[in-house]
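# Descriptive analysis of the structure
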Amino acid sequence: MSTASTSGTANDPRCGCAEGSRLTSRRTVLRAALAAAATGVTTYAVGDVSTQVSFAAPGWNGETLVVLSLHGGFDGLSAVVPGGDGAYYAARPTIAVPRSTLLGLDQMFGLHPAMAPLVPFWKNGTFGVVHAVGQSDPTRSHFAAMEQMETAAPGSSVRTGWIDRTIGSLGTGSVLGAVGISNQQPRSFAGPAPKTTTTSLDGFSLIGPGDDRPTWHAALRRMHTGARPEVAAPATTLLSAMEDVAKLPGRTAGPANGAAYPDSDLGRALAQAAVLKKSGAPVQVIALDYGDWDMHAGLGRVDGGWMRDKLTELSSALAAFATDLGSAFGSTTLVTLSEFGRRVGENASGGLDHGHGNAVLLLGGGVVGGRVHGVWPGLGADRLVDGDLAGTTDYRSVIGEVLQKRCGAGSLGTIFPGFGGSPLGVVRAR
Amino acid sequence: MLETGRLTLARQIWSTRQLFEVVVDVWNNVLHVTNPSSEVWASRQDYDRNVVRRHAFGSFGDMLVASARHPAMLTYLDNTSSTAAQPNENYGRELLELHTLGVEAGYSEADVKNSARLLTGLTIGRDGGGTYDAGRHDGAGRSIYGFGVPPHSAADGNGWIDAYLRWLAVHPVTARRLSAKLATRFVSDTPPAALLDAMARTWVQTGGQVVPVLRTMFDSTHFWASAGQKVRTPQEDYVATLRTLGTGMESSGVGGITKIFWHVLDQGHAPMAWPAPNGYPDVAAAWTSPSLTLSRWNRHMDFAAGWYPPELRFTPALQLLPSIPSTYGALVDALGVRLTGSRLNADEKAALLQYAGRSEGSPCSSGDRWVQNNLRYLVALTLDTPSFTIR
């Protein structure tokens, strides 16, 4: 399979420009905003008219990248199944997804039937896949692989996370520029650019003396003056973020458009991500984690078990998110990432050991969906790498294209130092 | 499972064996088995008692062997279903990466595969306990990171597995890496090389005895210079706050500790609950997020005011100090000494006085209406200071 060529994208990765006239107008707006920012007077209005809110957000074009980490080693071969490759069935005598049950995508690939909620988005071209995605260093250690993926600077001395560098280079300066819907900062957030984490926007406030909140905040700010950065930064970021979030409209509203999230941590986290996006906050990156994919044993069958349950939850949550966003879906791009894929052949436990190449799922208004992108290396014995699917597309190519075409990034030299991949055509330029 | 988590948290708060509880927590993270986790619901309690706590102050090699043969670990990392025909690499890999040498040791993927193959045969028997099933063992000769195993009979496999585990437990690379785990907890997020060298030397000389390694650490100048180096993790902040406030255990039932447990679990730091096999991170960078700061400050307020959980026996704010000093400046100083061990720094003191709307010399007394109504807020703010956040 070859890479996509029909999306009208430019080949220059530093430009990512297509659909020239629209881009020109956007750039003009952007330039004006930046110029105004230099004088310190601008506010950049974003969001639907009904929920419009103004934030000082120079450098933000309105796009939000949502990074959903599938920690534990997602088996892309069970999700986007190479049903047209006989080697897949030979390698997995008990856990393969039968061809007759696949939701047909093309001659080679079909979706696991648990992913049915995403089929409408596949059909309308907003859900797509890149297959055989990998990292340049083929480590099979979860922890080394996560570290490398989220640092995204192999072979360099850079130790910050790639989302930190993205925010730093696109920076709105808002503490809501990058938001982790979690308690812990994702590793990709490591570094100096402002970011915040929250598990819920409703209740994102301090308890304490009820009638004297500004005095309470002021005392907390004062005591952190001169404190060590690792203590002072989260404290002052929190105070600013609470003050910003208090201004957001609709932060306690329920899902829109009949969206039905699963009653689960992922469902709640994506619902919060949608609230944040719909509020018009200048959020450039939202990071979420949906783990527990380390299926060394008992992966299950197509009609029941661990994988079926996880894919059901994932797919219904993603479909609800897309539905809930409404018009904001057009300026949202969601990408799934996992540290590695899994071994092609099943083990004695009805599970899969650590592997390499993997599938990346893409969902959003600008996605070139309805197709499997990438270069399929095949599953024949001579095509495998140490028993694993080869990685023919570096994951940074996928993210880099989204950052350039959707998020307004220029050169990727800072975000992905030393990386020189080219875009595949997985998204349309804004 | 939840009982094990709650019991551990209660011990961390109220046990008189504080050093033991901290060391147990370090080993529970090294030889980590996620708790609660449905697959080990019947075995995790025993793992805590008979693997981690039994050997926490003993021999690491004994702890490692006990762990390898325990149904909780055999299930958690899947060795129970690993066979010569189809080895499962999960335990064989994490044994090297997480329990002993560490990924920086530079072993190869072939070492990982050989490790998994040598470990075949360790499984769970019909009685639910760990056992060795010779019929599953791969007795081929192999080498793992320099540990040579000749071709052997399946019956001899059990002995070779033990020899392999004990070799790993006292390998100098293991010694240094696990010394670093201890020193990261007790000394610094970046413990000095000289300290790790000394601890690793003791480790190798004593064959992996924990107490002499701890003594080497406590005898070092690095340990004594480590005050004010570490940022408290969420779990440590809970424990320290309740201990420093002198909060008493509930007089009956477990309603209060259960509520505390859910809070800590919600913050992602309940004892043993980390979802992945590598155990909790133990450095500030992993835990200093805005959302955790919010939780921390809100719990300080709850505990300082005695609002929640109501079952616990909180010390009323007015009883924290033997007497109320005669000025607001002295009051803030006294709170700092009582709750953080020393006076607050100038910025912190200014913040508290600013909140009180008083100056250093403003007179103060136990009959002062503001003090009676608001001392709990000053207590909460004292617990929110960087001086309390850093230990």
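Residues numbered from 1 in each chain as written. Chains lettered and ligands numbered in written order. Predicted model: local features only at pLDDT ≥ 70, side-chain atom pairs only at ≥ 80, totals over all residues. Heavy atoms only, no water.

Whenever strands of a sheet pair, they do so through backbone hydrogen bonds, lying parallel or antiparallel. Residues and elements named next belong to chain A. Across the sheet, which stays open at both edges, the three strands sit in the order 4-6-5 with antiparallel pairing between neighbours. With partners counted over all chains shown, the strands left at the sheet margins are strand 4 (80-81) and strand 5 (103-104), one partner each. Note that strand 5 and strand 6 (residues 110-111) share two bridges and pair antiparallel. Bridging across to strand 6, Leu103 finds its partner in Leu111. (Pairing = 2+ DSSP bridges. Helix = DSSP H or I, 4+ residues; strand = E, 2+ residues; numbered from the N terminus.)

Quick look at the nonpolar core now. If you look at the biggest cluster of nonpolar residues, it comprises 139 residues, and the most contacted ones within it are Val80, Phe127 and Leu314 of chain A together with Val379 of chain B. In terms of residue count, the dominant contributor to this core is helix 10 (residues 306-325) of chain A (ten residues). Residues in contact with Phe127 of chain A, not counting those within four places in the same chain, are Leu111, Met115, Leu118, Phe121, Trp122, Leu361, Leu362, Leu363, Val367, Gly369 and Gly370 of chain A. Counting 60 residues, the second-largest nonpolar core is a separate cluster that includes Trp27, Ala56, Tyr91 and Leu122 of chain B. (Core = buried A, V, L, I, M, F, W, Y, C linked by side-chain atoms within 4.5 Å. Buried < 20%, exposed > 50% of the residue type's maximum accessible area, 1.4 Å probe, protein only. Contact = heavy atoms within 4.5 Å.)

Further remarks concern the packing of helix 4 (residues 60-68) of chain B against helix 8 (residues 157-170) of chain B. Residue and element names in this part refer to chain B. Following both chains from N to C, one finds helix 4 and helix 8 inclined at 135 degrees, their axes separated by 9 Å at the closest point. Between helix 4 and helix 8, the crossing angle belongs to the class labelled oblique. For the pair helix 4 and helix 8, the sense of crossing is right-handed. From helix 4, Phe60, Gly61, Asp62, Leu64, Val65 and Ala68 reach across to helix 8, where they touch Asp162, Leu165, Arg166 and Ala169. Class assignment of the residues belonging to the contact of helix 4 with helix 8 gives a composition of six nonpolar, one polar and three charged. (Axes fitted to C-alpha atoms, helices over the stretch in contact; angles between N-to-C directions. Parallel < 35°, antiparallel > 145°, perpendicular 65-115°, else oblique. Left-handed = near helix turned anticlockwise from the far one by under 90°. Nonpolar A, V, L, I, M, F, W, Y, C, P; charged D, E, K, R; others polar.)

This part takes up the pattern of salt bridges. For the structure shown, the criterion picks out 41 salt bridges over all chains. With a closest N to O distance of 3.4 Å, Lys113 of chain B and Asp386 of chain A form a salt bridge. Remark: Asp386 of chain A occurs in the loop between strand 13 (372-373) and strand 14 (393-394) and Lys113 of chain B occurs in helix 7 (residues 109-118); the pair is interchain, linking two chains. With relative accessibility at 45%, the residue Asp386 of chain A sits in the partly exposed group. The closest approach of N and O atoms between Asp189 of chain B and Lys230 of chain B, which form a salt bridge, is 2.7 Å. Of the two residues, Asp189 of chain B is situated in the loop between helix 9 (172-186) and helix 10 (193-205) and Lys230 of chain B in the loop between helix 12 (221-224) and helix 13 (234-244); the sequence distance between them amounts to 41 residues. Residue Asp189 of chain B is classed as partly exposed on the basis of its relative accessible area, which comes to 26%. Among the charged side chains, a network of salt bridges with common partners joins Arg140, Arg343 and Asp388 of chain A together with Glu89, Arg93 and Glu109 of chain B. (Salt bridge = Lys/Arg side-chain N within 4 Å of Asp/Glu carboxyl O.)

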